[in-house]
Amino acid sequence: MASIGKTLTEKILSRATGKGKLEPGEILGVKVDLVMIHDLTGAPTVKLLGELGVEKVWNPERVVVVLDHQSPPASISAAENQKLLREFVEKQRIKNFYDIGTGICHQVVVEEGYACSGMIIVGADSHTVTYGALGAFSTGMGHTDVAAILATGETWMMIPETMKIVVKGETPRHLTSKDIILHIIGSLGADSALYKSIEFTGEAIKQMSISSRMTITNMSVEMGAKAGLVEPDEKTYQFLNGKARFQVERVKADGNADYSEVYEFKIDGLEPQVALPHTVDNVKPVSEVEGVEVNQAFLGSCTNGRFEDLKAAYQIIKGRKIKRGVRFIVSPASRKVYLKSLKAGIIGGLLNAGATITNPGCTACIGGHIGLLAPGEIAISSSNRNFKGRMGSPEAKVYLASPLTVAASAVKGEITDPRRYLK
Amino acid sequence: MKVKGKALKVGSNIDTDVIIPGRYLTIENPLELAKHAFEPIYPGFTEKARKGVVLVAGGNFGCGSSREQAPLALKHAGVKAIIAESFARIFFRNSINIGLPVLVLKDSQRNFDEGDHVEIDLDKGIIENIAKKKRFQIKPLHPMVKEILEQGGLINYLKRHVKRADLK
């Protein structure tokens, strides 16, 4: 019998565990290459380190701290947490510190070249899976696990099964990677990848920009996945060239790798997709939701707050006005995204149309300090979660869609197929 | 290690945003956090949980954000253990790490009614519905997981197992 090959996930974990052959389900110690914490999860992590009596983190070069979730702080307790983290990075001599206004942690980690192909990355945030777009095995954990990693540089992991998702066909004009991932989540369900690692492949994925791939891997956690990866290719290496802070591994899945499941999606003719309240897998084509009146439209988040997203939305906003009564909140994912959009005339154009531009950060997505919803209100959002109460009142409703659909809905004042405004 | 409480039923795909909304995450005191547990979907939860309850859930319990404040809020509200058909992986780890037993039981929803008296023997891997005189044998916990739970969480476990020198 021919020997069974390794998935991309197994290749990376095999190096990190020092074990040649891996069995899904076995629990192994893993060396971690990079740890990320932010203001909401970082403060309790640091307090636990104190409780453990740890004086020094295992390697300050491998720790990234970003203040993004409630920044600038909207409460004294948030301000205290941020103060604690500033003191922590000074004391620990952690150079990789990004204060408020730099951007969303996941955007910053990628932009600044911390996430490289082949690495094992753990973040105290569920959307840490985003870095899989660059071929890293990255996953979220809680603050106790992360404190233990900060102390020792190691953690335990259960070797996941690998699920393969192949996206085939010609991408229809104006269909975004957000529509594709919403369609996948809607078809497979919110618990379809529990504990599993997903590898996304196929022509449509290969043709996508790194930004678009990040949208896909970012939302793999909405299916319960432990990680979501795209095999690195020339596009990846080009993206990392001159940016990578660590070694870039040219890692690939074996042709005869063993996947627990393989799903194929054909996207020819797919229409823009929308996730209805209150679960991410409650997905319908936009034509079935058109006409729902919205009070707020949010463009931003680690899912869709990049330059590509703002540029796409501006295609629709340009020369139009935001509907009276609609708050259109735009949060660039990072200062770099903000500056680039500013230079391209996008920020000015959005402001003229009536948008509210916020500082870079998580803002309305987390429902903590900016743009909360009142009872009975409806939002359309380019973010990743529409859970009850996520963006404010539990009696509010959140619909998730692409930056294009969000922009079209902001103009019309109701959920709208963006193709109505595009040639 | 044994735990017991009255069954309190919740549904499937319960996410961490409804367990503890994002705006409360800067609260440090777990007892303060606990006051807001399940606030968006379960008015009166904290009142009910106070005497000690075992949550009985469907699939994918604890999905969404990695916030460890979610299991912390439940534990300090009076939740003694959670039985679910499946758990989201970060929530599962987080619960063990803070010393809250989480147990996977197929058809959990069908086998318990609200208020049923539940007893769990973690050493033997037995869940008992005393009210219905039903007994379920589950896969015994991994020895390390059991010890972490017995120690009340990963931090206490580490204090015991890892030499200080290794940590510094």
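The rules behind the values
Residues numbered from 1 in each chain as written. Chains lettered and ligands numbered in written order. Predicted model: local features only at pLDDT ≥ 70, side-chain atom pairs only at ≥ 80, totals over all residues. Heavy atoms only, no water. Contact = heavy atoms within 4.5 Å. Buried area = accessible area lost by both parts, 1.4 Å probe. Salt bridge = Lys/Arg side-chain N within 4 Å of Asp/Glu carboxyl O. Polar contact = N/O pair within 3.5 Å; in protein donor to acceptor, adjacent residues only side chain to side chain. Core = buried A, V, L, I, M, F, W, Y, C linked by side-chain atoms within 4.5 Å. Buried < 20%, exposed > 50% of the residue type's maximum accessible area, 1.4 Å probe, protein only. Helix = DSSP H or I, 4+ residues; strand = E, 2+ residues; numbered from the N terminus. Domains from an automatic or database assignment. Expected span 1.5 Å × (residues − 1). Phe/Tyr/Trp six-rings, centres within 6.5 Å; stacked < 30°, edge-to-face > 60°. Lys NZ or Arg CZ within 6 Å of the ring centre and 35° of its normal. pLDDT = per-residue confidence, 0-100.

Colleague: For this particular structure, what's the right way to read the interface of chain A and chain B?
Modeller: Frequently, the measure chosen for interface size is the accessible area that the parts lose on association. Counting from both sides, the interface comprises 50 residues of chain A and, opposite them, 39 residues of chain B. Around 3,800 Å² of area is buried between chain A and chain B when both sides are counted, 57% of it from carbon and sulfur atoms. Remark: the boundary between chain A and chain B carries 4 salt bridges. Residue Lys-159 of chain B pairs with Glu-51 of chain A through a salt bridge whose shortest N-O separation is 3.9 Å. Summed over the shared surface of chain A and chain B, the result is 17 residue pairs in polar contact (both at pLDDT 80 or more).

Colleague: How should the nonpolar core be read in this particular structure?
Modeller: The tendency in soluble globular proteins is for nonpolar side chains to be buried as a group. The biggest cluster of nonpolar side chains holds 101 residues, and the ones touching the most others in it are Phe-38, Phe-45, Phe-61, Leu-74, Ile-82, Ile-120 and Ile-127 of chain B. Looking at this core element by element, the count peaks at 6 residues for helix α5 (residues 143-152) of chain A. Mapped onto the domain boundaries, this core takes at least three residues apiece from domain 1 (8-264) and domain 2 (274-420) of chain A. With sequence-adjacent residues up to four places away left out, Ile-82 of chain B is seen in contact with Leu-55, Phe-61, Leu-74, Phe-87, Phe-91, Leu-100, Pro-101, Val-102 and Leu-103 of chain B.

Colleague: I would appreciate a short explanation of the side chain of Gln-70 of chain A in the present structure.
Modeller: For Gln-70 of chain A, the position within the fold is in the loop between β3 (63-66) and α3 (76-91). Under the relative-accessibility criterion, Gln-70 of chain A is labelled buried at 2%. Among all residues touching Gln-70 of chain A, those that are not within four sequence positions of it are Asp-39, Leu-40, Ser-75, Ala-78, Gln-82, Gly-368 and His-369 of chain A together with Gly-22, Arg-23 and Thr-26 of chain B.

Colleague: Explanation requested: helix α6 (residues 177-188) of chain A in the structure shown.
Modeller: An α-helical turn contains 3.6 residues, so any two residues separated by three or four positions project in the same direction. All names here are of chain A. An ideal rise of 1.5 Å per residue puts 16 Å on 12 residues; α6 measures up with 16 Å between its terminal C-alpha atoms. For α6, a buried count of 9 out of 12 residues is recorded, marking the element as mostly surrounded by other parts of the structure. Taken together, the buried positions of α6 are Ser-177, Lys-178, Asp-179, Ile-180, Ile-181, Leu-182, His-183, Ile-184 and Ile-185. Directly beyond the C-terminal end of α6, a positive phi value near 105° is found at Gly-189.

Colleague: Explanation requested: helix α14 (residues 403-412) of chain A in the structure shown.
Modeller: Residue and element names in this part refer to chain A. The buried fraction of α14 amounts to 9 of the 10 residues, a majority that puts the element mostly inside the structure. Looking at α14, one finds that the buried residues are Pro-403, Leu-404, Thr-405, Val-406, Ala-407, Ala-408, Ser-409, Ala-410 and Val-411. Buried residues along α14 sit against β12 (273-275), β14 (296-299), α10 (301-304), α11 (307-317), β15 (327-330) and β17 (378-381).

Colleague: Sorry, what's going on with the packing of aromatic side chains here?
Modeller: How two aromatic rings sit relative to each other is given by the distance of their centres and the angle of their planes. Under the criterion given, the structure shown has 10 aromatic pairs over all chains. Between Phe-112 of chain B and Phe-136 of chain B, the ring centres sit 5.8 Å apart and the planes meet at 40°, which makes this aromatic pair tilted. Residue Phe-112 of chain B is located in the loop between α6 (108-111) and β5 (117-121), and its partner Phe-136 of chain B is located in strand β7 (residues 134-137); the two are separated by 24 residues in the primary sequence. Residue Phe-112 of chain B shares its accessibility class with Phe-136 of chain B, and that shared class is buried. The ring of Phe-239 of chain A is capped by Lys-243 of chain A, whose NZ or CZ atom sits 3.7 Å from the centre of that ring. In this arrangement the basic side chain of Lys-340 of chain A is found over the ring face of Phe-307 of chain A, its NZ or CZ atom lying 4.5 Å from the centre.

Colleague: What is the right way to read the confidence of the model for chain B from this model?
Modeller: The predicted coordinates should not be examined in detail at positions where pLDDT is low. Model confidence for chain B is summarised by a mean pLDDT of 93, while 96% of its residues fall at 70 or above. We note a pTM of 0.96 for the whole complex and an ipTM of 0.92 for its interfaces.

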